[in-house]
Amino acid sequence: MSLIPVWMSEDRDEKPGIVGWLRERMHIAIGIAGLFAWFAMLWLMFGDVL
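For clarity, every value in this text was computed on a predicted model and none was experimentally measured. (Residues numbered from 1 in each chain as written. Predicted model: local features only at pLDDT ≥ 70, side-chain atom pairs only at ≥ 80, totals over all residues. Heavy atoms only, no water.)

What to know about the overall build of the chain
Along the backbone of the chain there are 3 helices and 0 strands. Buried residues in the chain amount to 2% of all 50 residues. Total accessible area computed for the chain in this model is approximately 5200 Å², and 69% of it derives from carbon and sulfur atoms. (Helix = DSSP H or I, 4+ residues; strand = E, 2+ residues; numbered from the N terminus. Buried < 20%, exposed > 50% of the residue type's maximum accessible area, 1.4 Å probe, protein only. Areas by Shrake-Rupley, 256 points an atom, 1.4 Å probe, with all protein chains shown as cover.)

Structural notes on the confidence of the model for the chain
Averaged over every residue, the pLDDT of the chain is 78; the share at 70 or more is 68%. For the chain, the element scoring lowest by mean pLDDT is helix α1 (residues 6-9), at 57; helix α3 (residues 26-46) scores highest, at 92. (pLDDT = per-residue confidence, 0-100.)

Regarding the packing of helix α2 (residues 17-24) against α3
The angle between the axes and the distance between the axes are what describe a pair of packed helices. In the contact formed by α2 and α3, the axes pass within 4 Å of each other and the chain directions differ by 75°. By the angle class used here, α2 and α3 are roughly perpendicular. Seen from α2, the contacting residues are L22, R23 and E24; seen from α3, they are M26, H27 and A29. Tallied by class, the residues present in the contact of α2 with α3 amount to 3 nonpolar, 1 polar and 2 charged. (Axes fitted to C-alpha atoms, helices over the stretch in contact; angles between N-to-C directions. Parallel < 35°, antiparallel > 145°, perpendicular 65-115°, else oblique. Contact = heavy atoms within 4.5 Å. Nonpolar A, V, L, I, M, F, W, Y, C, P; charged D, E, K, R; others polar.)

Here it is in structure tokens:
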């Protein structure tokens, strides 16, 4: 019996190219998209006074 969970000891299949990179870093892409959406919301709400 091992103390390491099965999902941690398995070898992961990494997909090559931009698809594999995007799957590994999807949280970063979602964060950047959310930041741009937040700036767009601020611009639309307060653009005339900025």
